[in-house]
Amino acid sequence: MKRFPLLAVVLTVAAVAAEPTWDWGEARDEWASSPEYESSKALCRRVRDREPPASDRPDSATAESLKGCSSEALYFGIGRPADPVRARQCAFLEAETEEGSPFAGRSMLMTIYANGRGARRDLDVAIHLACGLEGAPMESHGRVTRLAELKAKGWKGDDFHYCDDITSGLAMGHCADHGATIEGAKREAELARLSASWTAAEKQALARLRQAHEAFADAHSSGEIDLSGTARGALAIAAEEALRDELLGLVRELSAGRAPRYDAGAHRLADSRLNAAYRGLMRATAPAEWPGAVTREGIRDAQRAWLRYRDAALAFAAVKFPKASRDSLAAWLTEKRTRMLSAEE
C-alpha cells in the first residue's frame, strides 16, 4: 500500500471536507424529490463553498499526536476531560476515513462549528457540513433548516446535537449507541470508585459477575425484545443499558448495606412465581418463530443466561459481602426477573 507523508494526509483531509461524496443540495432520488425539501436544498447550494478555515486544521505535529483519536470522546468528555479543540483537530483527521459516522469526522465538525465549542462559531460552515451528511430526507431537511433558523435569530447556545433531528430507525440506533457510550463511561467510573479498595479476589469475583451479566443482557436484548421494526438497534441498546444500570444498582446497594431483606420462605415463593411465569410463556399459543420478534427459543436462552448471572451474583456476594443473606439476594434477583418475564406476556 502506498504511503504518503503526514502533511499530505492533512491536505487530503481538507479535500475530503471540501468535496463530500453526497450533497443534500443535489439529491434527486425518489425519496428526496418532494417540493417541501427545496428550501433546505437551496440553502445547501448557497453555502457549498463554506469550508472550515484552513488554520483550524491540525498541523503535522498535532496530527501525529492524535493518531487513533476519537473526536466523540474528546468533545463529549467520554472517559476523559472534554477537550473541544483537540476534538476539532481529531475530526479533521477522521473525515478521511469516517464519512457517514454521526459522531466522527464531518458530523462532529458540524457540531463544533454550530456550537462554537472548539472553534469559532460559524453556522454557514455548520450548514455546509450538514449538507454532506447522508441520511433520511426529513433528517437532512430538518437539520439544515434548523441550523439556518439558529443563524437567523443570532443563536449563542452550545447544545446543538446531531440527534435532535433524527427520524430514521438507523439514526436512532446510532444515537442510542452514543448515549450508551456516555453512560457506560460513567458506570465504569463509579464501579472503579466503589471497588478501588477491594482485594484482588473481590475484583475477580466482580469481573466474573460482569461477564455473566453481559451475556444475560445480550441474550435478553436479542431474544426477548421485539426487533422487527426499524428502531430495533435502539430498542436492543436500551434494553441492555437498563440491565447494566440495574447491575450497578445491585453493587451500589450491596456496598451501602441497603439491599432488600427476604427470608428463605420469600425466596421459595419468588422462585415459584418465576417458574410459573416462565412456564406460562413456554405454553403460549404464539408461533414458535416470529422473524425479528420474540421467540420461545430466545426466551429460553435468556432464562438460561439469567440463571448463570444469578449464580455469579450469589458467588460474588459470598466473596465480597459474606454477611449478606444468600436467600435474600436470590429472592431479590428472582423478583426482578419475574417482572421481566411478566412483561413479555
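Here the structure is a predicted model, which is why all the values come from computation and not from measurement. (Residues numbered from 1 in each chain as written. Predicted model: local features only at pLDDT ≥ 70, side-chain atom pairs only at ≥ 80, totals over all residues. Heavy atoms only, no water.)

## Section: the overall build of the chain
Line of reasoning, step 1. For the chain, the helix and strand inventory stands at 14 helices and zero strands.
Line of reasoning, step 2. When the helices and strands of the chain are placed in sequence order, the string is α-α-α-α-α-α-α-α-α-α-α-α-α-α.
Line of reasoning, step 3. Among the 345 residues that make up the chain, the fraction classed as buried is 47%.
Line of reasoning, step 4. Long-range pairs, those at least 24 residues apart, make up 67% of the contacts in the chain between residues at least 6 apart in sequence.
Line of reasoning, step 5. The distance from the centre of the 48 positive side-chain charges to the centre of the 51 negative ones in the chain is 5 Å. (Helix = DSSP H or I, 4+ residues; strand = E, 2+ residues; numbered from the N terminus. Buried < 20%, exposed > 50% of the residue type's maximum accessible area, 1.4 Å probe, protein only. Contact = heavy atoms within 4.5 Å. Lys, Arg positive; Asp, Glu negative; His and termini not counted. Charge placed at Lys NZ, Arg CZ, Asp CG, Glu CD.)

## Here's the deal with the packing of helix α5 (residues 84–94) against helix α6 (residues 105–115)
Line of reasoning, step 1. Where α5 meets α6, the axes come as close as 8 Å, and the angle between the chain directions of the two elements is 145°. As α5 packs across α6, the resulting crossing turns out to be left-handed. Between α5, through Pro84, Ala87, Arg88, Ala91, Phe92 and Glu94, and α6, the contact on the second element is made entirely by Gly105, Met108, Leu109, Ile112 and Tyr113.
Line of reasoning, step 2. Class assignment for the residues of the contact of α5 with α6 results in eight nonpolar, one polar and two charged. (Axes fitted to C-alpha atoms, helices over the stretch in contact; angles between N-to-C directions. Left-handed = near helix turned anticlockwise from the far one by under 90°. Nonpolar A, V, L, I, M, F, W, Y, C, P; charged D, E, K, R; others polar.)

## Description of the environment of Ala317
Line of reasoning, step 1. Structurally, the position occupied by Ala317 is in helix α13 (residues 296–320).
Line of reasoning, step 2. Sequence separation of Ala317 and Trp31 is 286 residues, and the distance between their C-alpha atoms is 56 Å.
Line of reasoning, step 3. Apart from residues no more than four positions distant in its own chain, Ala317 is found in contact with Pro322 and Leu329.

## Focus on the pattern of salt bridges
Line of reasoning, step 1. Per the counting criterion, the structure on display carries 23 salt bridges.
Line of reasoning, step 2. As a salt-bridge pair, Arg187 and Asp245 come within 2.9 Å of each other at their nearest N and O atoms. Placement of Arg187 in helix α9 (residues 169–194) and of Asp245 in helix α11 (residues 232–256) is noted, with a sequence separation of 58 residues between them.
Line of reasoning, step 3. Judged by relative accessible area, which is 9%, Arg187 ranks as buried.
Line of reasoning, step 4. The class for Asp245 is partly exposed, based on a relative accessible area of 43%.
Line of reasoning, step 5. Connected via shared salt-bridge partners are Arg187, Glu214, Glu240, Glu241, Arg244 and Asp245. (Salt bridge = Lys/Arg side-chain N within 4 Å of Asp/Glu carboxyl O.)

## Some thoughts on the state of the cysteines
Line of reasoning, step 1. With the rule as written, the count across this model stands at three disulfides.
Line of reasoning, step 2. A sulfur-sulfur separation of 1.9 Å characterises the disulfide bridge that pairs Cys44 with Cys131. Classification of the bridge connecting Cys44 and Cys131 rests on its S-S torsion, roughly -90°, and on that basis the disulfide is left-handed. With Cys44 in helix α2 (residues 38–46) and Cys131 in helix α7 (residues 123–131), this pair connects stretches of sequence that are 87 residues apart. The exposure classification of Cys44 matches that of Cys131, with both residues buried. (Disulfide = S-S within 2.5 Å.)

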